[in-house]
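Chain and residue survey
So the chains spell out like this:
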Amino acid sequence: MCLSVLWAPRSHPPAQPGPGGGDAMTPILTTLLCFGLSLDPRTQVQAENLLQPILWAEPGPVSTWNKPVTLWCQGTQEAQKYRLDKDGSSMSRIILKTLDSENKVKFSIPAMQWEHAGRYHCYYQSPAGWSKPSDPLELVVTGYSRPTLSALPSPVVTSGVNVTLRCASRLGLDRFTLIEEGAHRLSWTLDSHLHNHGKFQALFPIGTLIFSHRGTFRCYGYQNNTPYVWSEPSDPLQLLVSGVSRKPSLLTLQSPVVAPGENLTLQCGSDVGYVRYALYKAEGDGLLQRPGEQSQAGLSQANFTLSPVRVSHGGQYRCYGAHNVSSEWSAPSDPLDILITGAAETLNRPQEKSDSKTASHLQDYTVENLIRIGVAGFILVVLGILLFEAQHRQKSPQDAARR
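First, a word on scope: everything that follows refers to the structure included in this document. Computed from a predicted model, the values in this text were never measured in an experiment. (Residues numbered from 1 in each chain as written. Predicted model: local features only at pLDDT ≥ 70, side-chain atom pairs only at ≥ 80, totals over all residues. Heavy atoms only, no water.)

Another aspect to go through is the overall build of the protein. Counting secondary structure elements, the protein contains 1 helix and 31 strands. Within the protein, the fraction of its 403 residues that count as buried is 36%. Looking at the protein alone, contacts between residues at least 24 apart form 68% of all its contacts between residues at least 6 apart. As displayed, the protein offers around 22,900 Å² of accessible surface, 56% of which is attributable to carbon and sulfur atoms. (Helix = DSSP H or I, 4+ residues; strand = E, 2+ residues; numbered from the N terminus. Buried < 20%, exposed > 50% of the residue type's maximum accessible area, 1.4 Å probe, protein only. Contact = heavy atoms within 4.5 Å. Areas by Shrake-Rupley, 256 points an atom, 1.4 Å probe, with all protein chains shown as cover.)

Structure (structure tokens):
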């Protein structure tokens, strides 16, 4: 006889997120407790010759907060029940194998919370005993704001050039993890250091970039005291290798000088017949890619619309072409400089106001000085008149006595 038990999660995250801040009985897991069977499988003898189970997460080991996650544990056809353990927790989750589960079962987390993050192992029990634990699965929940990921010297380089990826954030994150997306999902982790621009960053040397080593990368950051609570992922960064095929041309359909708020379309084209195009802005964080369209004149081209225009759109652009998905990219186009009007005026506006104030004060001072000079002149004239009259009065009695 078996009893089905439902474990329900808390409806809100804890005040202080962290890998050790939660209880193991938070995910919703349907557990079948069978009378006559031991409820603590760890007390039983472990079979040494059983295959090791496999544990994985869907959609992946890195999940956004409050999103559903499913943990799968795969054993053998002889498995009778499965157990899931989380490091730092004293509770286990046990699921009895059903007829339709074949050689694997799932442990569902309907809404990923901070306390669900951590390191997991799974086991299965067969008539021969309990298996060894699976390889650990580190389940991560994202919470902090995303860092930025950029490539030095550029995400598009010629074959044989050394490339360094820089993950940076204004938050005081202790470590950064770089992940190369793909089937193997390679990752690297480095300590952060404070850059002179006030950002915390880590530099990941990719080494010499060759045609077969290009890929798409994202990075995350986290604190040492919460190693399973990461930031949101950075925007994806794709590394591309530029070859020697003929460079395309890059032009603007409006004018290279535009005002904020206007429309701007950059067109990359070639008579080579490229099927893909990429646009790159100098000192930018990534690439824009568009499929090529064939024109009636036998040219291929792609339009990149930057609207509405912002001050950050100003700068130098280049574009690249490629023949198909697996081929390397062409040589870069000639650079195209885009200028945004009004930016300098905005920066100089406070100075202009200051100059205007200054001019007003100078004008006020000039008027005041003229008034002072006029008053002083008037006083001198009056004093002169008084002095003349005094001298004249003094001479009059003397003249009368002589007579």
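Let's pick the thread back up.
All right, on to the pattern of salt bridges then. Scanning the model with the defined rule gives 8 salt bridges in all. As a salt-bridge pair, Arg119 and Asp87 come within 3.7 Å of each other at their nearest N and O atoms. On the criterion of sequence distance, the pair formed by Arg119 in strand E9 (residues 118–126) and Asp87 in the loop between strand E6 (81–86) and strand E7 (92–96) is long-range, its members being 32 residues apart. Overall, Asp87 belongs to the partly exposed group, its relative accessible area being 40%. In this structure, the salt-bridge partner of Arg175 is Asp191, at a minimum N-O distance of 2.8 Å. Of this pair, Arg175 sits in strand E15 (residues 175–180) while Asp191 is found in strand E16 (residues 186–191), placing the two residues 16 residues apart along the sequence. Overall, Arg175 belongs to the partly exposed group, its relative accessible area being 26%. (Salt bridge = Lys/Arg side-chain N within 4 Å of Asp/Glu carboxyl O.)

Before going further, it helps to examine the sheet that holds strand E30 (residues 315–322). If you trace the 5 strands from one edge of the open sheet to the other, you get E24-E31-E30-E26-E27, paired in mixed fashion. Single-partner strands in this sheet number two, and they are strand E24 (257–258) and strand E27 (287–291). Note that E30 and strand E31 (residues 336–340) share 3 bridges and pair antiparallel. The residue of E31 that forms the bridge with Gln316 is Asp337. (Pairing = 2+ DSSP bridges.)

Relative to the helices and strands, Pro53 is located in the loop between strand E2 (30–34) and strand E3 (54–58). Linking Pro53 and Lys104, residues 51 residues apart in sequence, is a C-alpha distance of 9.1 Å. The contact partners of Pro53, leaving out residues within four places of it in the chain, are Cys73, Gln74, Cys122, Tyr123, Tyr124, Ser131, Lys132, Pro133, Ser134 and Asp135.

The buried fraction of strand E25 (residues 265–270) is high, at 6 of 6 residues. Relative to E25, strand E23 (residues 249–252) is paired through 4 bridges, and the arrangement is antiparallel. When the bridges of E25 are listed, Leu250 appears paired with Cys268. As paired strands, E25 and strand E29 (residues 300–305) are joined by 6 bridges and run antiparallel to one another. By the bridge assignment, Leu266 is partnered in E29 with Phe304.

In space, the 4 strands of this open sheet follow the order E23-E25-E29-E28, with antiparallel pairing throughout. Of all strands in the sheet, those with a lone pairing partner are E23 and strand E28 (293–294), marking the two edges.

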